[in-house]
Amino acid sequence: MISKNVKLMQGNEACVEGALAAGMKFFAGYPITPSTEIAELSAQRLPRVGGKFIQMEDEIAGMAATIGGSLAGLKSMTATSGPGFSLKQENIGYAMLTEIPCVIVDVQRGGPSTGLPTAPSQSDVMQAKWGTHGDHPVIALTPSSIRETYDLTIQAFNFAEKYRTPVFLMLDEIIGHMREKIEIPDPSEIEIFDRVAPDESEKEDYKAYDNSLEVPKMAAFGEGFRFHVTGLMHDEFGFPKNDTNVTEILMNRIMGKIENNLEDILLYDEYFTEEMDLLILSYGGTVRSVLSAVREAQREGKKVGVFKAKTLWPFPEKRIEELSKKVKKIVVAEMNLGQYFYEVDRVAGKNCEVSLLGKANGEPITPTEVLNKIEEVL
Amino acid sequence: MAVASKLIENNFRMNRLPHIWCPGCGHGIIMRGIAEAIEKLGYDKQKVCIISGIGCSSRAPGYMDFNTLHTTHGRALAFATGVKLANPDLKVIVVSGDGDATAIGGNHLIHAARRNIDITTIIFNNNIYGMTGGQYSPTTPHGELGTTAPYGNVDNVFDICRLAEGAGATYVARGTVYHAKQLEKNIENALENKGFSVVEGISICPTYYGRKNRKGDAAEMMMNLKDTTLDKKVAAKLPQEKVEGKLIIGEFVNKSQPEFCEEYHKVVDKFTKED
């Protein structure tokens, strides 16, 4: 019989534990509140499992070294918060175009600028989607509990490896610093995905960007494949090409590998959505207040459902549209002044009334505020 | 010196040549020097990584038949640090330009030097931003012209070698594309140093820097390198007035100090051995 492994843990700690369970062997970062515990615990744990930790000279270097670690064959992660997330954006785009798997954790705090370093926020949601320039594929996950942080960190690594792409894990300061009981699953219960490597036979003619595959096979530097990687548009062998056809094929493939696998990538939970007048859509730490308020509203006989997004990007467009046909109103609750709201309104606005319960003063949205909003719209 | 055709065949991607550099550019000489040094040292090409940032010099890795990585502007050393720490068995070489290494990438240069991580950095210094069309860089001399210094550069220059030395690099040398054999030897010694090495290779850019500043054609610029430089050992024997105004070339630092990855691995070993 497997004895239960129950611990009291912070979200940032659960993130590192999940990363280690997923096979993280490399972490490069720079200290920033409220994500620092992720770097601290990685520094402590990684050398004990034969992994590597390095504190780089700045956020940009933290991202660059993370990509380098992954290219050398190790599962790699970095962690930051808003200001650092801004600085990392150019190299994030590099990893997207060059298809280097890695995990970027953003423990969101109040912004813009230095803002509110120790206060929660969910205001980097659009930055996760559009922070780096150019069209690009994005996977962003967001947990609402400590156990979910553990699980979604593993999921983030699995998606990164499976789709050869950087994956964002968007925590907020509530989840990052909250302590909660967590039952750590036995390793035998965890599914781990490792990047698909090319065969020995492909050495002389290795296509690091083989367009006949949705996700090309990935070799590590030093394994004998001697390939080229560039942030310029490139051909199947990775060499720069200033060619419209080559660009179009490459762009379609890197966007397509996400868009064609929504069934696999879109993660969400629904509560009370079978029969409802109002749907509240929320994510991350805010979901906790929403669920508390909705349970109260249910006791009062109000038909309120909840959609909890765990995958923020790509956007669960089809499901939101379906749900928007079943309700009169949708409220989007988020700790910002309306970011996910606009995306929901774009999809659901033609079918029902969409309104925002937003807040960006450094305080969490409380259950009372959610209840008041329910009163107001119902 | 290896037979040219053999050297190219052994170390370059024949199907990616010719290169994109302008006629008369000095960069090819430094690129060749890197290949000569690798070949002479007999490194396993499967284990050699050549990493660059953005700019004219940074296009070199694409032509070279190794594990090659063309990164973002200024960040080559940060990517290289990740690659090297993740797999210390790799021989990591960074190719950069004066703008790439000392302006946008200056922070990474000094910190890589401070760590003494085993990476060899070759800085192709042509005193100008060539790829973007001739803007002044941190090594464009005071008073000279660039497209963004139309009335003469009011900035001061970095001495790349003194910067690297001050930051902690354990091998530092300067050579020029005129003194090709000497430069090749510097690269060879840099590669053999277990630690952070910087070789500043003074290159020529007849297209922008030369033309803007009336330095003549490529041949004249090469002769100018001969006339305006002095070997460190020669300079030491000359009276001060004969050294004044000359650019000193040669080895400035060559010392042994604990290397970053080895130091980190001592920590890893402590735990793996205990277990």
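Remember, it's a predicted structure, so these values are computed and weren't measured experimentally.

Each value, and the rule that gives it
Residues numbered from 1 in each chain as written. Chains lettered and ligands numbered in written order. Predicted model: local features only at pLDDT ≥ 70, side-chain atom pairs only at ≥ 80, totals over all residues. Helix = DSSP H or I, 4+ residues; strand = E, 2+ residues; numbered from the N terminus. Buried ≥ 20, exposed ≤ 12 C-beta atoms within 10 Å, placed from the backbone. Contact = placed C-beta atoms within 7 Å. Nonpolar A, V, L, I, M, F, W, Y, C, P; charged D, E, K, R; others polar. Pairing = 2+ DSSP bridges. pLDDT = per-residue confidence, 0-100. Domains from an automatic or database assignment. Axes fitted to C-alpha atoms, helices over the stretch in contact; angles between N-to-C directions. Parallel < 35°, antiparallel > 145°, perpendicular 65-115°, else oblique. Left-handed = near helix turned anticlockwise from the far one by under 90°. Expected span 1.5 Å × (residues − 1). Core = buried A, V, L, I, M, F, W, Y, C linked by C-beta atoms within 7 Å.

### Brief notes about the overall build of chain A
No. 1: A tally of regular secondary structure across chain A gives 13 helices and 16 strands.
No. 2: Seen through its C-alpha atoms, chain A measures out along the principal axes to roughly 70 × 50 × 45 Å.
No. 3: Each of the 378 residues in chain A was classed as buried or not, and the buried ones make up 56%.
No. 4: Sequence-distant contacts in chain A: of pairs separated by 6 or more residues, those separated by 24 or more amount to 76%.

### Side note on the interface of chain B and chain A
No. 1: Contact with chain B, which involves 34 residues of that partner, is made by 35 residues of chain A.
No. 2: Of all the secondary-structure elements, those providing two or more residues to the side of chain B that touches chain A are strand 2 (67–70), helix 4 (76–86), helix 6 (106–115) and helix 13 (260–274) of chain B.
No. 3: Among the elements that make up the side of chain B that touches chain A, the one with the highest residue count is helix 4 of chain B (eight residues).
No. 4: Of the residues contributing to the side of chain B that touches chain A, the split by class is 14 nonpolar, 14 polar and six charged.
No. 5: Examined bridge by bridge, strand 10 (residues 228–230) of chain A and strand 2 of chain B share three bridges and lie parallel to one another. If you follow Thr230 of chain A over to strand 2 of chain B, its bridge partner there is His70 of chain B.

### Here we look at the confidence of the model for chain A
No. 1: Averaged over every residue, the pLDDT of chain A is 97; residues scoring 70 or more account for 99%.
No. 2: Strand 7 (residues 140–141) of chain A holds the highest mean pLDDT among the elements of chain A, 99, whereas strand 6 (residues 116–120) of chain A holds the lowest, 96.

### A word on the domain arrangement of chain A
Residues and elements named next belong to chain A.
No. 1: The assigned domain composition of chain A is domain 1 (5–189), domain 2 (200–262) and domain 3 (270–377).
No. 2: Placing a centre on the C-alpha atoms of domain 1 and another on those of domain 2 gives a separation of 25 Å.
No. 3: Residue-level contacts link twelve residues of domain 1 with 13 residues of domain 2.
No. 4: Ranked by the residues each element gives to the side of domain 1 that touches domain 2, the list is headed by helix 4 (residues 82–98), at three residues.
No. 5: When the residues that make up the side of domain 1 that touches domain 2 are grouped by side-chain class, the tally is seven nonpolar, two polar and three charged.

### Topic: the packing of helix 2 (residues 27–41) of chain B against helix 8 (residues 180–192) of chain B
Residues and elements named next belong to chain B.
No. 1: Close contact between helix 2 and helix 8 brings their axes to 8 Å; oriented N to C, the two are set at 50°. Comparing their axes, helix 8 and helix 2 come out oblique. As for how helix 2 packs across helix 8, the hand of that crossing is right-handed. Seen from helix 2, the contacting residues are Ile29, Ile30, Gly33, Ile34, Glu36, Ala37, Lys40 and Leu41; seen from helix 8, they are Ala180, Leu183, Glu184, Ile187, Glu188, Leu191 and Glu192.

### Structural notes on the pairing of strand 4 (residues 75–80) of chain A
All names here are of chain A.
No. 1: By the criterion of burial, strand 4 is predominantly enclosed, with six of the six residues buried.
No. 2: Of the two faces of strand 4, both are covered, the one formed by Lys75, Met77 and Ala79 as well as the one formed by Ser76, Thr78 and Thr80.
No. 3: Alignment of strand 2 (residues 24–29) against strand 4, held across three bridges, turns out to be parallel. In the strand pairing of strand 4, Phe26 is matched with Ser76.
No. 4: With four bridges joining them, strand 4 and strand 5 (residues 102–110) adopt parallel strand pairing. Bridge assignment links Ala79 to a residue of strand 5, and that residue is Val105.

### Details of the sheet that holds strand 12 (residues 278–283) of chain A
Residue and element names in this part refer to chain A.
No. 1: The strand order across the open sheet built from five strands is 11-13-12-15-16, with neighbouring strands paired in mixed fashion. Each edge of the open sheet carries a strand with a single partner, namely strand 11 (268–271) and strand 16 (353–358). Between one strand axis and the next, the sheet turns through 20° on average, direction left out of account.
No. 2: Relative to the sheet, helix 12 (residues 340–348) contacts strand 12, strand 15 (329–334) and strand 16, its axis offset from that of strand 15 by approximately 160°.

### Side note on the sheet that holds strand 3 (residues 91–97) of chain B
No. 1: Pairing in this open sheet of nine strands is mixed, and the strands run 10(A)-2(B)-1(B)-3(B)-4(B)-6(B)-5(B)-8(B)-7(B) from one edge to the other. Of all strands in the sheet, those bounded by a partner on one side alone are strand 10 of chain A together with strand 7 (229–231) of chain B. The average undirected angle you get between the axes of adjacent strands in this sheet is 20°.
No. 2: Where strand 7 of chain B lies against strand 8 (residues 247–254) of chain B, three bridges are found, and the strand directions are parallel. Of the residues in strand 8 of chain B, the one forming a bridge with Asp231 of chain B is Ile249 of chain B.

### Some words on helix 10 (residues 286–299) of chain A
All names here are of chain A.
No. 1: Here helix 10 is 14 residues long and its end C-alpha atoms lie 20 Å apart, about the 20 Å a rise of 1.5 Å per residue gives.
No. 2: Considering only its buried residues, helix 10 is in contact with strand 11, strand 12, strand 13 (304–309), strand 15 and helix 13 (367–377).
No. 3: Positive backbone phi, at 85°, marks Gly301, one or two positions downstream of helix 10.

### Some thoughts on the confidence of the model for chain B
No. 1: For chain B, per-residue confidence averages 96 on the pLDDT scale, and residues scoring 70 or more make up 98% of the total.
No. 2: Overall fold confidence for the complex sits at a pTM of 0.98, while the interface term, ipTM, reaches 0.97.

### Remarks on the environment of Gly50 of chain A
No. 1: With respect to the helices, strands and loops of the structure, Gly50 of chain A is situated in the loop between helix 2 (36–45) and strand 3 (52–55).
No. 2: According to the C-beta neighbour criterion, Gly50 of chain A is partly exposed, with 13 such atoms within 10 Å.
No. 3: Taking the C-alpha atoms as reference points, Gly50 of chain A and Lys217 of chain A, separated by 167 residues in sequence, lie 25 Å from one another.
No. 4: With near-sequence residues (within four places) excluded, Gly50 of chain A lies in contact with Val268 and Thr272 of chain B.

### Section: the packing of helix 1 (residues 4–11) of chain B against helix 2 of chain B
All names here are of chain B.
No. 1: Contact pair helix 1 / helix 2: the axes reach a minimum separation of 10 Å and the direction vectors enclose 85°. Considering the angle they form, helix 1 stands roughly perpendicular to helix 2. Here Leu7, Asn10 and Asn11 of helix 1 lie close against helix 2, whose contacting residues are Ala35, Glu36, Ile38 and Glu39.
No. 2: Per-class residue counts for the contact of helix 1 with helix 2 are three nonpolar, two polar and two charged.

### Re the nonpolar core
No. 1: In this structure, Val103 and Leu169 of chain A together with Cys49 and Val83 of chain B are the most contacted members of the largest nonpolar core, which totals 185 residues.
No. 2: Discounting residues that sit within four places of it in the chain, Val83 of chain B has contacts with Gly68, Leu71, Ala72 and Phe221 of chain A together with Cys49, Ile51, Leu90 and Val92 of chain B.

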